[in-house]
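Residues per chain are reported as follows:
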Amino acid sequence: MAKLFSPRSMAVAFSALALTLAGGGIAVAAQPTTVVQAPVDSGQPAARAAAATGQPQVTPEEARQARAALKGSVGTNAIIGSVSFAVVGSGGNLIRGLDAVSATRYGPGQYQVLFNRNLTRSAYHATVGTDQQCCIPPAGQVSVAPRLATPNAVFIQTYNSAGVPADRPFHVAISS
């Protein structure tokens, strides 16, 4: 009898199902935005202009933090079938995660999530979620893409239901 599913496809399908059940958001293709305002949280960096990719430029300090996060990992390559995740609040605070090191809010609906492993050969899954132990997440959309010049981070953009950049809590899973 033919093999219907590979372990990798099962891991990806399971991750997508778990995110859908947990958050119920809508994933859309990454769309660049150049709307940048000062962040609300005082613990987050000041907003900065987006690069041609729609993402803020990576600062030397952010590049240093990314390299330091990779040094603390078991290895820079993910184990096939492994899943990492992060739950991030609308203010850019990392609530919980597996292999997640930090989260940063750049401006309305713009976030970076840093992991302790290389994500370049992985699949990214994101959903608008909730940062509380109850309740329905706020309505909206989310997109996820590789982070500019940072192999162990993803860039997340969240939007309200009208497609306008807006701060939303989200869940992101990385499948390898």
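The preceding data block contains the structure.
Numbering of residues begins from 1 in every chain and follows the order in which that chain's sequence is written. Whole-chain, interface and lining totals are the exception, using all residues; otherwise, since this is a predicted model, local features are given only for residues with pLDDT of at least 70 and side-chain atom pairs are given and counted only at 80 or more. With hydrogens and water stripped out, all remaining heavy atoms of the structure feed into the side-chain values.

1. So, the pairing of strand β8 (residues 153-159)
Here's step 1: Counting buried residues in β8 gives seven out of seven residues, a clear majority hidden from the surface.
Here's step 2: Burial of the side chains of β8 extends over both faces: A153, F155, Q157 and Y159 are buried on one face and V154, I156 and T158 on the other.
Here's step 3: At least two DSSP bridges between two strands are required for those strands to pair. Strands are runs of DSSP state E lasting at least two residues, helices are runs of H or I lasting at least four, and both sets are numbered from the N terminus onward. Relative to β8, strand β5 (residues 110-115) runs antiparallel, the two sharing five bridges. Directly across from Q112, in β8, lies its bridge partner F155.
Here's step 4: Sheet topology places strand β7 (residues 141-146) next to β8; six bridges connect them, and they run antiparallel. Bridge assignment links Q141 to a residue of β8, and that residue is Y159. Only protein chains enter the accessibility calculation, which uses a 1.4 Å probe; a residue is then buried when its area is under 20% of its type maximum, exposed when over 50%, and partly exposed in between.

2. Topic: the sheet that holds strand β9 (residues 170-175)
Here's step 1: Judged by pairing direction, the sheet is antiparallel, and its four strands sit side by side in the order β3-β2-β9-β6 without closing on themselves. Only two strands of the sheet have a single neighbouring strand rather than two, namely β3 (94-98) and β6 (123-128). Across this sheet, the average inter-strand angle for adjacent strands is 10°, counted without regard to direction.
Here's step 2: The pairing of strand β2 (residues 83-88) with β9 spans six bridges and is classified as antiparallel. Fitted lines through C-alpha atoms serve as axes, helices being fitted only where they are in contact, and the angles separating the N-to-C directions of these axes extend from 0 to 180 degrees.

3. Re unusual backbone geometry
Here's step 1: A positive phi is found at D99, a non-glycine position, where the angle reads about 70°.
Here's step 2: Looking at the element boundaries, D99 is found in the loop between β3 and β4 (100-107).
Here's step 3: Judged by relative accessible area, which is 27%, D99 ranks as partly exposed.
Here's step 4: One non-glycine residue, A149, lies in positive phi territory at about 55°.
Here's step 5: Summarising the element assignment, A149 is placed in the loop between β7 and β8.

4. Focus on the pattern of salt bridges
One side chain can pair with another of opposite charge once the charged atoms of both are near each other.
Here's step 1: Throughout this description, the term salt bridge denotes a Lys or Arg side-chain nitrogen within 4 Å of a carboxyl oxygen of Asp or Glu. All chains considered together, the criterion is met by three salt bridges.
Here's step 2: The residue R117 makes a salt bridge to D99 at a minimum N-O spacing of 3.8 Å. Taken together, the positions of R117 in the loop between β5 and β6 and D99 in the loop between β3 and β4 put the pair 18 residues apart, joining distant regions of the chain.
Here's step 3: On the accessibility criterion, R117 (6% relative accessible area) is buried.

5. Considerations on the side chain of S122
Here's step 1: Note on placement: S122 falls in the loop between β5 and β6.
Here's step 2: Counted as a polar contact is a pair of N or O atoms within 3.5 Å, where, for protein atoms, one must be capable of donating a hydrogen and the other of accepting one, and residues adjacent in sequence contribute only when both atoms are in side chains. At a separation of 2.9 Å, a polar atom in the side chain of S122 contacts the side chain of S176.

6. Some details on the pairing of β9
Here's step 1: Taking burial as the measure, the six residues of β9 include six buried ones, the bulk of the element.
Here's step 2: Along β9, one buried face is formed by F170, V172 and I174 and the opposite face, lined by H171, A173 and S175, is buried too.

7. Notes on the side chain of E62
Here's step 1: Mapping E62 onto the fold places it in helix α2 (residues 60-71).
Here's step 2: At 2.6 Å, the side chain of E62 forms a polar contact with the side chain of Y106.

8. Some points on the state of the cysteines
Here's step 1: Put simply, a disulfide is two cysteine sulfurs that come within 2.5 Å. In this structure the tally under the stated criterion is one disulfide.
Here's step 2: Note that C134 is cross-linked by a disulfide to C135, the S-S spacing being 2.5 Å.

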